[in-house]
Each structure stands twice: as C-alpha cells, then as structure tokens.
Amino acid sequence: MSDTRYDDTPVRPVPPTPSPTPDALTQPAAKPAMPSVPFVGGDTAKQRDLALDSHEAGSALTTNQGLKVSDDQNSLRAGPRGPTLMEDFHLREKITHFDHERIPERVVHARGAAAHGIFQVYEPLTNLTTAAPFQDPAKETPVFVRFSTVAGSRGSADTVRDVRGFAVKFYTEEGVWDLVGNNMPVFFIQDAVKFPDLIHAVKPEPHNEIPQAQSAHDTFWDFVSLTPESAHMLMWVMSDRAIPRSYATMEGFGVHTFRLVNAEGKARFVKFHWKPLKGIFSQVWDEAQKTAGKDPDFHRRDLFDAIERGDFPQWELGLQVIEEEDEFKYGIDILDPTKIIPEEEVPVRRVGLMTLTANPGNFFAETEQVAFHVGHVVPGIDFTNDPLLQGRLFSYLDTQLRRVGPNFAELPINRPLQRVDNNQRDGMGRRQINRGRVAYFPNGLAHGCPMHSPEAADAFRSYAEKVDGAKIRVRSDSFGDHFSQATLFWNSMAGWEKDHIVAAFSFELNQCTDMVVRQRVMDVILSNIALELAQGVAARTGIPLPETRVHPPAADLKVGRSPALSMDRVAEDIRGRKVAVLVDKGASAEQLTIIQETLMDEEAIVEVVAPTAGTVQGADGLLVPVTRAAPNAPSVVYDAVIVPGGVDTSALQASGLFRHFLNEAFLHGKPIAAIGTGEQVLAAANLPTVLKEEGVITGATLEDTLTLFVEAMRRHRFPQRNVAPV
Ligand code: HDD
C-alpha cells in the first residue's frame, strides 16, 4: 500500500515510524502462539460458570459492533499529516470506551486482591444449620475471597498499618452467601450511624488530601479519643495484627454475632472465625513502611505467586456457638461489636476448610466488580440486632447500586449459580432478556409465575425473633464498658508485642500536631487501658500522664488473659516463606545446591541474590544462576537470609548493599545463617555472630545450620533482639 492511500496528494518522505505497517499486522510471518490467557482456573461450578464469559483465543479484532478491523493502529485522517476525521467510528469507540474504563473506587476497602477457591465442611452441621455449605463433607462450595486494606485508595501500598478486609463469597446451591469480615474480631464503633464520621476521620484530611492510607494524623486521633468505645479496636490496630506478613497468615473474623438456624427452626448465636493453616505472622513496623516503597504490591504479589506455584492458602472455618439461653452469660453484650467472647470461654470449633486455588483471570471483571453485601445470606444463616450489623445491611446494597450499577448481581463474578427469576426489570446495563408481557405478581397471564415457595424447605424465611420496644435513640447500658477488653488484649500480649504496641501508639501520636488531641488520647484512652501502656507512650511522646483517670480504672476490674489473642507462636512449617541466599563470585556452588534442595523440600522459596543479574562464577568453576540482582532484592521482601561459604567472600564483604541487607534483616528480627567463610560476611556487616537463641546461626556444619535455620524460620521472627520497631 502506498503513502498516498487516503488521497492523491504526493507527500514528502517522512522518517520511518516504529508502528507496524498494516501489512505486518494482517500478515504475520508465522502464526503467533496462542496468548496465554490465565484460565479462570480450577473446576469449581463457579469457575466453569465464569469460563462461559471468556473470549476465544486467536480470534480477529473487531469493533463492539462485530466489524473486523483492518487497522487498529492508525486513525483515519485526511492525508498522512492531516487532521483526524470525526467519521472514524473505530477511533471514537475505542477512546470513549477507554475514557469510561473506571468505576468509582470503593469508599473504603478500595485496595484489594482476590482469589477463587473452595470450602468444604468436615462433618455435617445439620443439627446447627440448614446452610448449604455445611450439610455434606463431600460437597465443594465455590468461593471468591477478597482481601483489602480499609483507608487507602486503589493505588495505595499493601503494607500500611490498617485493618484488613476478609470478604468471602460462597456460591452455594441455595444462593450467594457473603461473609464480609475483617482480620480483627472487633470494630471501632458500636452503631453504624457513626461509620461516615469514623471514615471521614481516618481518610486523608479533606483540605490537602494528606496522609494517604494512614491513621497517623490528627483527625483520626481526634475522633477516636472522643469515641472511647474504640479503645479495644485501637489495641488491635496498634498491634502487629495491622501489619500482616501476608494475607495467608492472617486470621479472619465475621465480627458480629450472627444466627445459625436448623431445620426445626431452632436458632443459636454464632461468631465466625477463619484460622490460617500457615500460622499468624506479621511484619514489624519499620519493615512494613519500607516494603510499602520497595514493593507496594507485596501482599497482592504474595497471594498471586503462591497460587500460581500451587502453594494454596488455606484457612479453617471456626465457629463459636452460643445457645440462646446463654445470651447474657459472658459478662458482655454479644450484640456489641466492640467485644469478643474469649476463645478460652467458648472454644472455636473448627468445622471446615477453605482453600484458595485459582487467581482471577481479569482483575477488573472479578476483583474490582465483585460486590459483597452482609445481607446476602442463605437459609440457615440469619442476623442479630447488633446495631452495626443492622446499618451495614443497608449500606452494602446501596454502595453496590452506586458503584457497580443496578444490575450488579448479573455480572459474572456476582451472579449466583442458580437461575434468577423475579419481576425486577430493566436498569442500566441489564443483561437478562426477560421475555413476555408479565412483570408483576400476582398474575394470571403467566400462570402465577414466578411463584412464591411457601412450602419449600430451601426457601429463605427470616428467623421469627420476637421484637417489642419503644422507638428510642439510646445505647443499651450493656454496651457501656469500653475498656475491660482493651485491657484483656494488653494483658494477653507477650513482652515484645507490648513493646510494639507502645511503639505504634507513640509513632502515631508523634505524627499528630494538635496538643489537645495528643493529650486526650492519653487521658481518655491509654490511661484507662493499662498504666504500663500509658507510661510507655508518655516516655516516647512527652505527653504527660493524667493525674486522674476519666473512666473507672479497668485494670481494677478483674481482667484476665486470653492466650489466643497473642501472636507469640511457632508455625508448623515454613511453606511459602522466602529465603535470600547471598552470593558473589567464589561462593560454594555445592553448598548452594544443598541449601536450595533442603529449603525447597520444606516448600520455602529460595532466591539467589548477587550484586548483578545473570550468573556468578562459583567455587569449583561452576556457574551459579542469579535469581535477582541485589538492587532489585531488598531485604524487606524476604523472611530470612543465609550466606553460604566459599573460597573467597571478599567481594561480598565489601558490598555495601549486602551489608545493608544483613543489617536490615537483623534489625527486623529475621533468621540469619552463615556457613563457613560466610561468617566473615556477617562480621564485615558488624553483626554479632553468636546469637543462636536469637536466630543468628553460625559455627555449625551445613546440615546442622540448615536444621537450626528451618527451626528458626518456624518462629518467624526474633523480636527479643529488641531492635526492630523503635
Ligand atoms: Fe464495611 C466494604 C468489612 C463495617 C460500609 N466492609 C467492606 C469490605 C469489607 C468490610 C471486608 C470490602 C468488601 C470487598 O472486598 O469488596 N465493614 C467490614 C466489617 C465491618 C464493617 C468487618 C464491621 C464489623 N462497613 C461497615 C459499616 C458500614 C460499612 C458500619 C456502613 C454503615 N463497607 C461499607 C461499604 C463498603 C464496605 C461502604 C465499601 C465498598 C463496598 O462496601 O463494597 O458499603
């Protein structure tokens, strides 16, 4: 085709453009390989359902009206250097679609990542509930799980200090059930009417939109210090629970008390828990802040990569079941979402397993458009009068209508597995074609269809709770104790956890500039939780301790401990943990192989980090392939580090990057091991080399080093080095 194909005017030669010619686009030299479209994965009923919407690989590019496009890379113009023509419908369609690509981000929980999976109950729970996922151990219920931070916008970093959302959509054969929880079992407020205030306070301040994804600013602390019911939740958010190592190492909680209802109509109260099989582990604060810069996608990447390599994250579902007659037995109001029922009082019964097995095929279509709603329940699950839950029942439907549109339930990721049939009609983006003239009930013209199901055992019927009360705007007195459980949390922490909480409160308050706000947090919140906590924060912030306590001193109430609240634990294994092996020329290739094999047998991920990418010349003339160059491999993205020996480690010893790597790993309490001459590298980094009890392993044979190293990694961190967050 000539340069004058759009008009006859000869043109001056122009420099060659890098864009392919139309011929090159239509006549590829060889048939291209099929694009590897990530399959929506797995073979659950929901994934098969989603596959119906996938497009065909190898198909021709068309407009949205189905016209084959001859050239998608040059707009239609009057001459090669002339103006673009309005007539170019393909250009306009492509650009306008692009202009409309975004939907409003979630007002909270905007930043998230999700995966598909399955849930299986261990044994039938028919005595407790008719809910479909709990009837048959042989049945796999498809799930879609979205994890999120709360305060940050869509592009914010994963590792900020925040609550994490833990929302599970069950596609049951009786409809969709959403369990929309968090990684903390309580909430800041007791009544949904306060939610807009809470979120306005924590979001960036409205005059300058600062700070992003952080609670460390005046407006948040102003609000919570005037809202003492937030005291218990503040303890969780200032603990390391708010900076998880990964989504797979977080607990999840339904927070509210719900109801389980069985076939006889008998109801019991229930609290839902998700217990991660990989254990509960966190980062430390300095590490989390640095990770936010080095790898803002840290959690999203961890989830995606783990699933891609077949290391499927798993959680057991746990239930705390309370008989109706025991409603008032626990000294708290079970309708109060700022309270837990300690696991030591009502044990968590583990009833089933959730496994995440497949990544979404398209982030927008699935993770962004998924629409959760606490009101999506199935027969056998019901609500309680928790005033926070009651308000949520309104908010979620409303937000989905605004964010995703009136027909959000028809989108592939949201639609139930069952056929939907009712008289709701039309609205923007309607997919279903409802034929016929009848869109009302009762009708005779469609023989009464679609019909009610008064007799059907699997129809939803609300639990017939007796309600009788005056219309009043008051909070029950039973919601009045805001501090005992905050103190319980404090009492249950290990020493290092307390240190981290003191450091977190101090960091946040030192970011606040308003002296009245800072003092109020001390007077109203901290001093009423524990004197030791208040003293620790006072010492680091300079905020004076109050002379008298505003609230009755909770510490004087007989508050015990709940060991289940502590994260001071050892994991069963080191599956999915990431180890850096630091090498440079002269490293022992033989040792490296043994290290890799041993750790990979434990299903850890081993990456060889060297000053540059490519390969390094190891001892014995062997070439060692490098996974990542040191500038691309910050210590914060690894859980542990090991330095093999070699003929000559002088290059490693001299490397500033490696010295920094090792020091940072030490600061963050990570297991560190060195073998043979590798110890010289630790010494060159000025690290102590005799701290076996504190996770620095030296002076042992290769075999013993690896045994001790795996053992140390099961403990995750050595906070007793006591250098990390301060
Ligand atoms: Fe909420 C999203 C969890 C209280 C209003 N919430 C949202 C998500 C999670 C939670 C995990 C993200 C879902 C997703 O991944 O798409 N929210 C909670 C928990 C709460 C809670 C555990 C307390 C126990 N939320 C809460 C209240 C209100 C809302 C009291 C309003 C009165 N939440 C919303 C919302 C969001 C939302 C505005 C924003 C985006 C969305 O729903 O889809 O409706």
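Residues numbered from 1 in each chain as written. Predicted model: local features only at pLDDT ≥ 70, side-chain atom pairs only at ≥ 80, totals over all residues. Heavy atoms only, no water.

Named according to an unreviewed UniProt entry, the protein is Catalase originating from Nitrospirillum amazonense. UniProt annotates the protein under Sequence similarities (unreviewed entry) with the comment "Belongs to the catalase family. HPII subfamily." (UniProt positions renumbered as here; feature names shortened; annotations may be inferred.)

(A) Geometry of the sheet that holds strand β12 (residues 605–610). The strand order across the open sheet built from six strands is β15-β12-β11-β16-β17-β18, with neighbouring strands paired in parallel fashion. Each edge of the sheet is formed by a strand with only one pairing partner; in this case those strands are β15 (628–629) and β18 (696–697). Here strand β17 (residues 672–674) pairs with β18 via two bridges, running parallel. For Ile 672, the partnering residue across the bridge sits in β18 and is Val 696. In the packing of helix α19 (residues 702–715) onto the sheet, the strands contacted are β11 (578–582), β16 (640–643), β17 and β18, and the crossing angle to β16 comes to about 165 degrees. (Pairing = 2+ DSSP bridges. Helix = DSSP H or I, 4+ residues; strand = E, 2+ residues; numbered from the N terminus. Contact = heavy atoms within 4.5 Å. Axes fitted to C-alpha atoms, helices over the stretch in contact; angles between N-to-C directions.)

(B) Here's a closer look at the pattern of salt bridges. One pass over the structure, following the stated rule, counts 39 salt bridges. The partner of Lys 139 in a salt bridge is Glu 173, with the nearest N and O atoms 2.7 Å apart. Of this pair, Lys 139 sits in the loop between β1 (112–121) and β2 (141–149) while Glu 173 sits in the loop between β3 (164–172) and β4 (175–182), and the two are 34 residues apart along the sequence. A salt bridge links Arg 154 to Glu 368, with the nearest nitrogen and oxygen atoms 3.9 Å apart. (Salt bridge = Lys/Arg side-chain N within 4 Å of Asp/Glu carboxyl O.)

(C) Local environment of helix α13 (residues 515–529). Its 15 residues place the ends of α13 21 Å apart at the C-alpha level, agreeing with the 21 Å of an ideal helix rising 1.5 Å per residue. Largest kink in α13: about 35 degrees, centred on Met 522. Counting buried positions along α13 gives 12 out of 15 residues, so the element sits mostly inside the fold. For α13, the set of buried residues is Val 517, Arg 518, Arg 520, Val 521, Met 522, Asp 523, Val 524, Ile 525, Leu 526, Ser 527, Asn 528 and Ile 529. Summarising the contacts, the buried residues of α13 are in contact with α5 (218–225), α6 (231–237), α11 (484–492), α12 (495–511) and α14 (531–541). N-cap assignment for α13: the residue whose side-chain oxygen lies 2.9 Å from the backbone N of Val 516 is Asp 514. (Expected span 1.5 Å × (residues − 1). Bend = angle between axes of the 7 residues up to and from the residue. Buried < 20%, exposed > 50% of the residue type's maximum accessible area, 1.4 Å probe, protein only. Polar contact = N/O pair within 3.5 Å; in protein donor to acceptor, adjacent residues only side chain to side chain.)

(D) Representation of the domain arrangement of the protein in the model. According to the domain assignment, the protein contains domain 1 (112–217 + 247–414) and domain 2 (578–715). The C-alpha centroid of domain 2 is placed 38 Å from the C-alpha centroid of domain 1. The partner domain 2 presents 11 residues to the 11 residues of domain 1 that form the contact. When the two sides are added together, the surface that domain 1 and domain 2 hide from each other amounts to roughly 820 Å², 61% of it contributed by carbon and sulfur. The three residues of domain 1 that bury the most area against domain 2 are Glu 287, Lys 290 and Lys 294, which together make up 42% of that side's buried surface. Applying the counting rule to domain 1 against domain 2 returns two salt bridges. With its nearest N and O atoms 2.8 Å apart, the salt bridge here joins Lys 670 to Glu 287. Counting across the domain 1 and domain 2 interface gives four residue pairs in polar contact (both at pLDDT 80 or more). Per-element tally for the side of domain 1 that touches domain 2: the top contributor is helix α7 (residues 285–294), with five residues. (Domains from an automatic or database assignment. Buried area = accessible area lost by both parts, 1.4 Å probe.)

(E) Local environment of the site of the ligand. Around the ligand there are 22 residues in total, and Arg 106, Arg 146, Arg 392, Tyr 396 and Gln 400 lie nearest to it. Within the side chain of Arg 146, a nitrogen or oxygen atom sits 2.7 Å from an oxygen atom of the ligand. For the ligand, an oxygen atom lies 2.7 Å from a polar atom in the side chain of Gln 400. At the level of elements, β3, β4 and α10 (387–403) are the ones that each hand at least two residues to the shell around the ligand. (Near = heavy atom within 4 Å.)

(F) How the structure looks around a negative patch on the surface. Together, Glu 597, Asp 601, Glu 602 and Glu 603 line one region of the surface with negative charge. Examined against the element boundaries, Asp 601 turns out to sit in helix α15 (residues 589–601). (Patch = residues over 30% accessible without salt bridge, like charges linked within 9 Å, V, L, I, M, F, W, Y side chains within 5 Å. Areas by Shrake-Rupley, 256 points an atom, 1.4 Å probe, with all protein chains shown as cover. Lys, Arg positive; Asp, Glu negative; His and termini not counted. Charge placed at Lys NZ, Arg CZ, Asp CG, Glu CD.)

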